[in-house]
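In case you want the letters, here they are:
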Amino acid sequence: MLITQRDDARPGGPLSGLRVVELAGIGPAPFACMLLADLGADVVRVDRADGERAFGTWHRVLDRGRRSVALDLKHPDGTETVLRLAERADVLVEGFRPGVAERLGIGPVVCAERNPALVYARMTGWGQDGPLSRAPGHDINYIALSGALDAIGTGGGPPVPPVNLLGDFAGGGLYLAVGVLAALHERRTSGRGQVVDTAIVDGTASLLGMLIGMAEAGEWQGGRGDNLLDGGAPYYSVYACADGGHVAVGALEDRFYAALLDGLGLDAALVPDRSDRAGWPALRELFAARFATRTRDDWAAVFDGTEACVSPVLSVTEAVAHPHHAARGTYLRDDTGVQPGPAPRFGRTTATVPPPAPRPGEHTREVLAECGWSGADTERLLRTGAARDAHPHGATTRA
């Protein structure tokens, strides 16, 4: 059962009271700000004054929990508003290419002059320096050059992009969030903010730590799809079932492997020795033939409650309805649709259900007032196009 209740008030949580300014972008930076907002931070997103939102429907979840002010960052009053926001903020997050924020007059040096305690977090693919720092790119390019993409895929086949989870979100957004929290912790001692240079290539390289260690220890010997954790081992792989569905097998430990053989109806004395890599192809064929005799859900029932570490491979839609996720409230539903709940969870400072993503400029008047603009000034900013106000029910106007 999905949670249907939504608290429209500002979210609580362990980051309650933290003030974040987010310069609207796509992918990893919004994801990091979603995490901060989920855990209680007051995140104000600076959207474009024309009301356009790149990949708005894709960002229905990533943009949740914010307030939105729509500004023209090429207008002096728009720039001044961002600087006023930075003055009262703990964190500013931007995902521009290197040098863009400086050209707009809202770079880290200018912001630090207004607020020396500001943590200025920057999200790029290649980093703020280096030969490729100003080159375009996407997740697939960053994980390719980091060495991660080469390790993913089946034996004899090409590398397989893992959606954009590995680069954008794991190597990028998560590392930006960790960097922000680390800088905030350091600020408690120094009283000073600093720049957090988050590069997807750096974060992805960090994620490769164990794989690099395995390779140097001689335990990542084969090519792609030929190793212990990349689907090469027949007892850590994915198998097709009679109905076209799949099951994932992760029977690494001996007792888990014994439970796997038992569920498949196989005698350990009669199957190839799994410790001998030469026998892996024959063992894989044996497992594949057995799994092909029943449907995915039949096998899920066979292994339910065992230690075999066999799980059905679910679609996103199916995962939402799984009893375990329903019991924990892992996924939420409101009038905008399904979304994952805040993570991780805390014993005392529980985060509330995040409000939905705002319309660009939905909170413009409110935020301008907080920045110290008078009512007359606000009307002037709206009239000149330095700011834009989005009214309820989707109507938008400029005063």
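Residues numbered from 1 in each chain as written. Predicted model: local features only at pLDDT ≥ 70, side-chain atom pairs only at ≥ 80, totals over all residues. Heavy atoms only, no water.

Tallying secondary structure elements over the protein gives 15 helices and 13 strands in all. For the protein, the spread of C-alpha atoms along the principal axes amounts to about 85 × 50 × 40 Å. Of the contacts made within the protein by residues no fewer than 6 positions apart, 67% connect residues no fewer than 24 positions apart. Element-wise, carbon and sulfur atoms account for 56% of the exposed surface of the protein, whose accessible area totals about 19400 Å². (Helix = DSSP H or I, 4+ residues; strand = E, 2+ residues; numbered from the N terminus. Contact = heavy atoms within 4.5 Å. Areas by Shrake-Rupley, 256 points an atom, 1.4 Å probe, with all protein chains shown as cover.)

For the rest of this paragraph, the subject is the packing of helix α1 (residues 28-38) against helix α6 (residues 165-190). Axis separation between α1 and α6 bottoms out at 8 Å; the angle between their running directions is 50°. Between α1 and α6, the interaxial angle falls into the category oblique. Of the two possible hands of crossing, α1 and α6 adopt the one that is right-handed. Across from P28, F31, A32, L35 and L36 in α1, the residues of α6 making contact are D168, F169, G172, G173, L174, L176, A177 and L181. (Axes fitted to C-alpha atoms, helices over the stretch in contact; angles between N-to-C directions. Parallel < 35°, antiparallel > 145°, perpendicular 65-115°, else oblique. Left-handed = near helix turned anticlockwise from the far one by under 90°.)

If you walk across this open sheet you meet the three strands as β7-β8-β9, and the pairing is antiparallel. The open sheet has two edge strands, β7 (236-240) and β9 (310-312), and neither has a second partner. Strand-to-strand, the axes of this sheet are offset by a mean angle of 20°, without reference to chain direction. In this sheet, β9 lies alongside strand β8 (residues 246-250) in antiparallel orientation, the contact comprising three bridges. Along β9, the bridge assignment pairs V247 with P312. Lying over the sheet, helix α10 (residues 280-291) contacts β7 and β8, oriented at roughly 40° with respect to β7. (Pairing = 2+ DSSP bridges.)

Two numbers describe a pair of packed helices, the interaxial angle and the distance between the axes. Contact geometry of α6 with helix α7 (residues 200-207) gives a least axis separation of 8 Å together with a crossing angle of 100°. With respect to α7, the element α6 is oriented roughly perpendicular. Listed contacts from α7 to L166, G167, D168, A170, G171, G172 and Y175 of α6 are I200, G203, T204, S206 and L207. Broken down by class, the residue content of the contact of α6 with α7 amounts to five nonpolar, six polar and one charged. (Nonpolar A, V, L, I, M, F, W, Y, C, P; charged D, E, K, R; others polar.)

To continue, consider the pairing of β8. Across five bridges, β7 lies against β8 in antiparallel orientation. When the bridges of β8 are listed, V238 appears paired with A248. Here β7 folds back onto β8 in antiparallel fashion, the turn holding five residues, of which G244 has a positive phi close to 90°.

So, about the confidence of the model for the protein. Confidence along the protein averages 93 in pLDDT terms, with 95% of residues attaining 70 or more. Across residues 1-10, where pLDDT falls below 50, the model places 28 contacts with residues more than four positions away in sequence or in other chains. Scored below 50 in pLDDT, residues 392-399 makes 17 contacts in the model with residues more than four places away or belonging to other chains. (pLDDT = per-residue confidence, 0-100.)

On to the packing of aromatic side chains. A complete count under the given rule lists 10 aromatic pairs for this structure. Measuring from centroid to centroid gives 6.4 Å for Y257 and F287, while their planes differ by 55°, and the two rings are tilted. Remark: F287 occurs in helix α10 and Y257 occurs in helix α9 (residues 254-264); sequence separation between them is 30 residues. By the ring-pair criterion, three or more aromatic residues cluster together here, those being Y235, Y239, Y257, W280, F287, F291, W299 and F303. R274 extends its terminal NZ or CZ atom over the ring of Y257, reaching a point 4.2 Å from the ring centre. Note that R294 overlies the ring of W299, its terminal NZ or CZ placed 5.1 Å from the centroid. (Phe/Tyr/Trp six-rings, centres within 6.5 Å; stacked < 30°, edge-to-face > 60°. Lys NZ or Arg CZ within 6 Å of the ring centre and 35° of its normal.)

Moving on: empty space enclosed by the protein. Following the criterion strictly, the structure yields one cavity of 30 Å³ or more and no others. Around the largest cavity, the lining residues are R19, V20, V21, D42, V44, R67, L85, R88 and A89. Elements with a minimum of two residues in the lining of the largest cavity: β1 (19-23) and β2 (42-48). Ranked by residues supplied to the lining of the largest cavity, first place goes to β1 with three residues. Taken together, the residues of the lining of the largest cavity sort by class into five nonpolar, no polar and four charged. (1 Å grid on protein atoms, 1.4 Å probe; cavity = no way out; pocket = protein on both sides within 12 Å on 5 of 7 lines; lining within 4 Å. Points joined across faces, edges and corners; volume = space filled by probe spheres on them.)

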